[in-house]
Each structure stands twice: as C-alpha cells, then as structure tokens.
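Chain residues, written in single-letter form:
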Amino acid sequence: MSLQAIHNIPEICAQLGITDAVLSPGSRCAPLTIAFARHPGVQVRTVPDERAAAFIGLGIAQAQRRAVALVCTSGTAGLNYAPAVAEAYFQQIPLVIFTADRPPEWIDQLDGQTIRQTDLYGAHAKGSFTLPVDTAHPDAEWHAARIVSEAINLAQRAPAGPVQVNVPLREPFYPKAGEELTFGPVKVIWEQTATAALPPAELRALYELVRGAERVLVVAGQHRQEDDLEEALQQFAATFGAAVVGDTIANVRAAIGRQDVFLAVQDQQLKDSLRPTLLLTFGQSLISKALKLYLRNNPIAQHWHVQAAGEVADTYRALTRVVRLGPATFFAELAAYDVEMLTATASDSALPKYTPDLSLPADATRVARPTPPPGAPTAATDSYVATWQRAETWATDFLADFFRQPDQPFNEFTAIQKALQLLPERTALHLANSMAVRYANIIGLPTDRQIEVFANRGTSGIDGCTSTAVGATLAQPARPVVLLTGDVAFFYDRNAFWHNYPTPNLRVILLNNHAGGIFRLIDGPRQQPELEEFFETHQPLTAENTARDFKLRYFAVSSFSELESALPVFFAEEGGAALLEITTDSQTNAAFFEHYRQAVKTAF
Ligand SMILES: Cc1ncc(C[n+]2csc(CCOP(=O)(O)OP(=O)(O)O)c2C)c(N)n1
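A. View of the overall build of the protein chain. Looking only at helices and strands, the protein chain features 22 helices and 17 strands. Taken over C-alpha atoms, the radius of gyration comes to 26 Å for the protein chain, in line with the 25 Å a tight globule of 604 residues would show. Seen along its three principal axes, the alpha-carbon backbone of the protein chain occupies a region of about 80 × 70 × 45 Å. Taken over 604 residues, the protein chain has a buried fraction of 56%. By element, 53% of the accessible surface of the protein chain is carried by carbon and sulfur atoms, the whole surface being about 25300 Å². Between the mean site of the 48 positive side-chain charges and the mean site of the 64 negative ones, the protein chain shows a separation of 2 Å.

Shown next as structure tokens:
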C-alpha cells in the first residue's frame with residue numbers, strides 16, 4: 001500500500017501555513033508521525049498525554065494566531081483530545097486533528113485500541129473528514145490531498161475552530177531501513193479571505209442610528225489584543241461619546257475595567273445613569289457576572305453584536321441586530337464616516353432621514369448632553385462616558401485603599417494583587433479557572449506594560465489551563481508567560497510539564513488553598529454540609545515534588561513579607577522556569593473576600 005498520500009499531509013499543512021504540530025506516540029499513527037517528524041517545514045513536538053498535548057497545541061495556536069496540527073493514534077487517544085477540542089470550538093481557535101484509525105472493516109471486530117472514530121467530536125468540531133484507506137489510484141491520492149486542504153481551510157475560516165481528519169491506516173506502517181520519504185509534489189487549495197465592508201447605504205443607515213442614540217455603550221467580550229481594533233475603538237468612542245467597557249480577557253487596554261466592583265453596589269440611580277440606549281458588543285464571553293446581570297436586568301432599547309461570521313449569542317436577551325463585519329472595520333468605518341459627514345457639502349440635505357426609536361425607557365435617569373467645545377471635530381457628547389469613568393475612578397481608588405489596609409490576614413486576593421503589579425513587560429498572562437481569572441478581573445492589570453490576557457473561557461474548564469500556558473511558552477520563547485492558577489486546576493493538569501521541551505520563560509503562580517476555594521465563596525455550596533468533602537474537595541498536596549520532577553525553580557511563601565521578597569527573583573528573566581506556591585487558608589480567603597464584598601457595598 002502506498003503511503004504517499006500520508007506523506008503529503010505535512011507538506012499540505014506547511015504550504016497552507018501550519019508551522020507546528022503536536023504528536024503523541026502510538027503505532028497506528030506511525031506513518032503520520034514519521035511524515036511529520038521528517039518534514040522540514042513543520043516544527044514537531046511530542047507529548048505523551050493526549051489531553052495535555054491538545055491543550056498545548058491550543059496554546060501554540062493561540063500564541064501564533066494560526067492553526068496547529070495534532071496527531072494521535074487510534075482508540076481513546078483521540079477522545080482525550082476532547083476537552084481541548086471543545087475549548088477550541090468555543091474560543092474559535094483553529095486545530096487540525098489527525099486521528100489515526102483502523103481500516104473500516106476492522107471496526108467493532110474486537111481489535112484493540114479501536115473505537116468508533118468517525119465524527120469523534122460531534123457538535124464540538126467544525127467538521128469531520130475521513131481519508132480514503134487505499135490511495136494507490138491517482139484519483140484517491142488527489143481525493144486525500146483535497147480533503148486535507150479542505151479541512152485546513154475549514155479550521156482557519158472565520159469563525160475558526162477544530163476540524164477532525166480521521167486517517168484509517170493498514171499495515172505496514174514503517175518505511176524500510178534507509179528509505180527516504182518524498183513530500184509531494186501535491187496540489188493544495190488556497191482559500192483567500194476577502195475583507196468585508198458595508199455597502200455605503202447601509203453604512204450611512206448605521207451611522208445615523210449610532211449618531212441618533214442617546215447613550216452608546218460598547219462592551220468587549222473575550223478577544224485577542226489587536227492594535228487596529230484598539231485605535232478604531234478610541235476613534236469611535238471619541239466621535240460618538242461612547243463608553244467602552246471590557247473585562248481583562250477582552251484585551252482592550254483603554255477600556256473601563258472595574259465593572260465587577262462598581263456594578264456590585266446596590267445603587268439603582270448609578271445603574272440608571274450608566275444604562276445605554278444602544279449597546280454594541282463584539283468578542284466572546286464576559287467574566288464579570290455583575291456586568292452580565294446588569295445588562296440582562298436593565299432593559300436596553302437596541303443591542304447590536306458585531307461579528308464577521310458564525311453564530312451569535314443573545315447573551316443579554318436584548319439582541320436586535322447582527323453586523324457582519326470585523327469589529328476593527330466596523331468601529332473604524334463608523335468613525336471615519338463621521339468625519340466625512342462633517343466635511344460634506346450642503347447636498348447632504350438630500351440624505352434620507354432615519355428616525356430610530358432609541359429613546360430611553362421612561363424610568364431611566366437622563367444624562368444631559370453637554371455642548372461640544374467650539375471647533376470640536378464632532379458633535380459627540382462625553383457626559384455619558386464621564387459617568388462610566390467616574391464609576392471607574394471611584395472603583396480604582398476604592399481598590400487601592402482596600403488593598404492598602406494594614407493588619408490583613410495572609411490571603412490570596414491581596415497576594416494576587418501584589419503579584420499582578422510586578423508582571424514583566426509584554427507578559428502573556430494565562431488565568432486559570434476559576435477564582436484566578438475572577439480575582440484578576442476585579443483587581444485589574446497594570447496598563448503600562450502591554451500585557452495580553454488568555455483564559456480558557458470557551459468552556460471554563462480547569463482541565464487544561466496549565467497545558468495551554470505551556471503551549472504559549474513553547475510558541476513564544478522570547479515572551480514572559482505567567483500562569484495564575486488554583487491548586488485543583490494545577491494538580492489536575494500536571495502532565496502539561498511531562499515532555500522534554502524547555503520552558504525557561506514560564507512562571508507559574510500557584511494559589512494553593514488546598515481546595516477548590518471558589519465553592520466557599522459562592523452562595524449555594526458554601527451553605528451546605530457537603531462543602532468541604534464534595535465541593536471544595538480538600539487535598540493535601542504541595543507542588544514541591546512537581547517542581548523538582550520537572551526542574552522548575554521552586555518558591556514557597558505563606559506571608560506577605562515572604563511573597564514580597566520572592567516576587568522579584570521569581571519574575572527575573574534569568575534563572576529559567578519557576579513555580580511560586582502561595583499557600584493560604586481557604587476559610588481565611590473566604591472571610592477576606594466577604595469583607596471585600598461588604599466594603600464595596602458600604603463604601604459607595
Ligand atoms: C473539567 C472541569 N471539572 C470541574 C469543573 C468545576 N470547577 C470549577 S472551579 C473548580 C475548583 C477549582 O479549584 P482551584 O483550581 O483550586 O481554584 P479555586 O477555586 O481555589 O480558585 C471546579 C472543580 C470545571 N470547571 N472543569
């Protein structure tokens with residue numbers, strides 16, 4: 001049987017822009033493994049635990065902003081990819097997954113390592129293909145190559161995501177001793193993405209609607225950092241007097257970010273004054289429960305979601321329009337249109353008039369629009385923005401005072417606040433589920449250091465947060481990667497380190513409260529007698545042995561003074577991969593966090 005169709009696979013990957021593959025060992029996958037390992041255009045790494053391998057692949061794809069190939073053997077190997085596949089699906093990260101399989105006649109015949117692999121990931125993959133088993137005929141070889149091109153294009157097409165290619169293979173699997181593999185020549189199919197723009201009439205219609213809206217609020221969901229988006233948002237906000245709000249995972253540096261604090265207060269007057277008439281959203285999920293509930297519970301006249309392609313969620317039960325544009329294009333085009341309007345001649349009076357119903361609900365407090373200063377380039381108002389900014393300033397000041405309090409018990413909330421302040425320049429910050437990402441979202445990040453934030457919020461699993469950070473570390477060895485994680489998430493995913501690739505730029509901050517501390521902080525489990533055994537799941541481990549096993553410099557702290565002395569050495573560039581274990585008590589953490597919650601309420 002010819003294996004040329006298999007040898008062509010890494011060649012097609014390389015030609016279509018895939019530079020990295022993560023392999024896991026097995027014999028059924030040997031032809032794929034050998035082809036990838038010998039192809040000069042793809043960097044391969046091997047990770048034995050497929051769950052970790054797939055999350056490492058996801059971390060690499062995230063960091064490089066392009067698809068990564070995964071290769072595993074038949075049987076449960078591919079099933080172990082499933083958590084990362086689901087995360088990639090909801091976070092829209094392209095993965096091309098090659099699962100080796102037995103030929104169809106041997107499925108369900110009591111052979112080992114054989115399961116039903118067709119469409120293995122079901123609704124959590126964008127597609128599933130099966131390669132032909134016998135590819136000796138030129139048409140079959142062309143068919144196989146075409147499938148691989150189609151799979152890669154599908155994975156990368158917006159919204160990006162995971163795609164499975166099941167590869168049934170018959171023995172013999174191995175080339176003869178000394179046999180050289182040839183890669184191609186093979187035909188690939190390129191898919192070109194057009195940059196979308198709105199037809200002029202529609203752009204004008206949207207412009208008029210935004211211009212007519214009394215209070216415009218932009219809420220950014222999880223999104224990659226993008227300079228052109230940042231710039232477009234700033235222009236848009238300045239032009240229309242819009243407020244821009246985003247969680248840490250939205251990666252919009254100029255956004256208002258302390259909503260977890262000021263929206264937690266019980267002040268309906270404040271909430272009314274912040275309420276938009278037009279809500280514009282883009283990106284994926286929010287961390288801030290306070291913001292999500294606020295938007296759900298305070299009816300909004302119009303909600304537009306801006307997303308070039310793919311399904312759109314009606315997260316706030318208010319969705320009235322979907323705009324099929326990339327967010328950077330949308331915000332830039334509307335801001336630019338405003339400039340055109342202002343420079344237009346009197347013939348503009350012939351423009352069609354729009355009279356959108358964007359009025360505030362009768363019960364909302366109105367905010368007066370100030371007169372723009374003479375000569376101002378736009379007719380925008382800033383008073384609505386100022387209301388949000390005042391809340392932001394209040395919350396920032398409140399937090400600074402709160403964390404400065406003397407005589408605090410050693411607790412993880414304050415420990416994180418201290419650690420985040422010292423993050424190195426250009427850190428890729430990976431926040432594990434669940435309290436790590438929540439604490440960081442409340443506290444906020446230094447704004448002067450170009451920090452980019454990642455979190456597995458597609459499914460909010462605790463099962464691959466470390467592996468994802470390790471993948472980022474491998475993909476960007478010159479960039480500091482800091483993982484902030486709880487102990488259950490950390491010990492769950494220790495196989496993230498179980499491979500032979502150095503990660504000198506990785507710094508893991510482990511918040512070890514010997515439990516799933518979140519369950520003591522949320523209403524429901526914390527009131528139950530089953531809390532400790534069945535929700536928090538107390539565990540006695542420390543990470544010292546893990547650090548020794550995987551050659552991570554190990555720092556252990558259990559007081560503020562120890563933490564403060566350890567942090568600069570821990571973060572220092574020289575020295576290599578390090579793990580800082582911050583040991584706290586979950587009851588103290590819960591009491592301190594409750595103290596914070598009460599302080600917010602009473603301070604406002
Ligand atoms: C795969 C998976 N299993 C279970 C959960 C439910 N869960 C959410 S948070 C959590 C505990 C996490 O504990 P830890 O990592 O110590 O962080 P902390 O709660 O202390 O912040 C669990 C079990 C999940 N999110 N993902």
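B. Examining the environment of Val-218 more closely. Mapping Val-218 onto the fold places it in strand β7 (residues 216–220). In sequence terms Val-218 and Ala-255 are 37 residues apart; their C-alpha atoms lie 9.3 Å from each other. When neighbours within four sequence positions are excluded, Val-218 is seen to be in contact with Leu-233, Phe-236, Ala-242, Ala-243, Val-244, Val-245, Leu-280, Phe-282 and Phe-331.

C. Inspection of the side chain of Asp-493 at higher detail. Along the chain, the position of Asp-493 falls in the loop between α17 (487–492) and β15 (506–512). Here Thr-466 takes part through its backbone nitrogen, which lies 3.1 Å from a polar atom of the side chain of Asp-493.

D. Quick peek at the sheet that holds strand β9 (residues 278–282). An order of β8-β7-β9-β10-β11 is seen for the five strands of this open sheet, with the pairing classed as parallel. The sheet terminates laterally at β8 (243–246) and β11 (319–323), the two strands that pair on one side only. When the angles between neighbouring strand axes are averaged without regard to direction, this sheet yields 20°. As paired elements, β9 and strand β10 (residues 302–306) share four bridges and run parallel to each other. Considered in β10, the bridge of Leu-278 is made with Gln-302.

E. Up close: the pattern of salt bridges. In this structure the tally under the stated criterion is 21 salt bridges. One salt bridge in this structure joins Arg-479 and Glu-452, with 3.4 Å as the shortest N-O distance. Taken together, the residues span a long stretch of sequence, with Arg-479 in the loop between α16 (465–475) and β14 (481–486) and Glu-452 in strand β13 (residues 452–454) at a distance of 27 residues. Accessibility assignment for this pair places Arg-479 and Glu-452 in one class, buried.

F. Quick look at the packing of helix α14 (residues 412–421) against helix α22 (residues 586–603). α22 packs onto α14 with a crossing angle of 75° between their chain directions and a minimal axis gap of 8 Å. Judged by the inter-axis angle, α14 sits roughly perpendicular to α22. Each of Glu-412, Phe-413 and Thr-414 in α14 lies in contact with α22, whose residues at this interface are Asn-589, Phe-592, Phe-593 and Tyr-596.

G. Quick peek at the nonpolar core. Trp-388, Phe-413, Leu-580 and Tyr-596 are the most contacted members of the largest nonpolar core, which has 72 residues in total. The dominant element in this core, judged by the number of residues it contributes, is helix α13 (residues 383–404), at eight residues.

H. The arrangement of the packing of helix α1 (residues 4–15) against helix α2 (residues 30–38) in detail. Their axes nearest at 8 Å, the elements α1 and α2 cross at an angle of 45°. Here α1 lies oblique to α2, going by the angle between them. Considering how the two elements wind past one another, α1 and α2 form a crossing that is right-handed. Across the interface between the two elements, Ile-6, His-7, Ile-9, Pro-10 and Cys-13 from α1 touch Pro-31, Leu-32, Ala-35 and Phe-36 from α2. Partitioned by chemical class, the residues of the contact of α1 with α2 number eight nonpolar, one polar and no charged.

I. Structural detail: the sheet that holds strand β4 (residues 95–101). Taken in spatial order, the six strands make up an open sheet running β2-β1-β3-β4-β6-β5, and their pairing is parallel. The two strands at the open ends of the sheet, each matched to only one other strand, are β2 (43–46) and β5 (127–130). Adjacent strand axes in the sheet meet at a mean angle of 20°, parallel and antiparallel pairs treated alike. When β5 meets strand β6 (residues 162–168), the two strands line up parallel, connected through four bridges. When the bridges of β6 are listed, Phe-129 appears paired with Val-165. This element, helix α3 (residues 50–64), spans β1 (20–23), β2, β3 (68–72) and β4 of the sheet and lies at about 170° to β3.

J. Geometry of the pairing of β6. Buried residues dominate β6, accounting for seven of its seven residues. On the question of chirality, the crossover connecting β5 to the parallel β6 by way of helix α6 (residues 138–156) is right-handed.

K. Highlighting unusual backbone geometry. Of the consecutive residues Ala-158 and Pro-159, the connecting peptide bond is found in the cis state with omega at -10°. The residue Pro-159 is located in the loop between α6 and β6 in this model. Following Gly-184, the chain continues into Pro-185 via a peptide bond in cis, with omega recorded as 5°. Looking at the element boundaries, Pro-185 is found in the loop between β6 and α7 (200–212). Unlike most non-glycine residues, Leu-110 shows phi in positive territory, near 65°. With respect to the element layout, Leu-110 can be found in the loop between β4 and β5. Of note in the backbone geometry, Arg-426 takes a positive phi value of approximately 65° without being a glycine.

L. Geometry of the environment of His-39. Considering the arrangement of structural elements, one finds His-39 in the loop between α2 and β2. For His-39 and Pro-10, which are 29 residues apart along the polypeptide, the C-alpha to C-alpha distance reads 6.5 Å. With sequence-adjacent residues up to four places away left out, His-39 is seen in contact with Pro-10, Glu-11, Ala-14 and Phe-183. Here Gly-41 takes part through its backbone nitrogen, which lies 2.8 Å from a polar atom of the side chain of His-39.

M. Summary view of the site of the ligand. Neighbouring the ligand are 17 residues, the closest being Met-435, Ala-489, Ala-515, Gly-517 and Ile-518. Taking Val-488, its main chain carries an N or O atom lying 2.9 Å from an oxygen atom of the ligand. One of the backbone N or O atoms of Ile-518 is found 2.9 Å from an oxygen atom in the ligand. Surface burial for the ligand is 76%, taken as the share of its 580 Å² of free accessible area covered by protein chains. When residues of the shell around the ligand are traced back to their parent elements, those giving at least two are α17 and α18 (518–521). A class-by-class count of the residues in the shell around the ligand yields eight nonpolar, seven polar and two charged.

What counts, and at which threshold
Residues numbered from 1 in each chain as written. Predicted model: local features only at pLDDT ≥ 70, side-chain atom pairs only at ≥ 80, totals over all residues. Heavy atoms only, no water. Helix = DSSP H or I, 4+ residues; strand = E, 2+ residues; numbered from the N terminus. Rg over C-alpha atoms; globule rule 2.2 N^0.38 Å. Buried < 20%, exposed > 50% of the residue type's maximum accessible area, 1.4 Å probe, protein only. Areas by Shrake-Rupley, 256 points an atom, 1.4 Å probe, with all protein chains shown as cover. Lys, Arg positive; Asp, Glu negative; His and termini not counted. Charge placed at Lys NZ, Arg CZ, Asp CG, Glu CD. Contact = heavy atoms within 4.5 Å. Polar contact = N/O pair within 3.5 Å; in protein donor to acceptor, adjacent residues only side chain to side chain. Pairing = 2+ DSSP bridges. Axes fitted to C-alpha atoms, helices over the stretch in contact; angles between N-to-C directions. Salt bridge = Lys/Arg side-chain N within 4 Å of Asp/Glu carboxyl O. Parallel < 35°, antiparallel > 145°, perpendicular 65-115°, else oblique. Core = buried A, V, L, I, M, F, W, Y, C linked by side-chain atoms within 4.5 Å. Left-handed = near helix turned anticlockwise from the far one by under 90°. Nonpolar A, V, L, I, M, F, W, Y, C, P; charged D, E, K, R; others polar. Right-handed = clockwise from strand over helix to strand, strands pointing away. Near = heavy atom within 4 Å.

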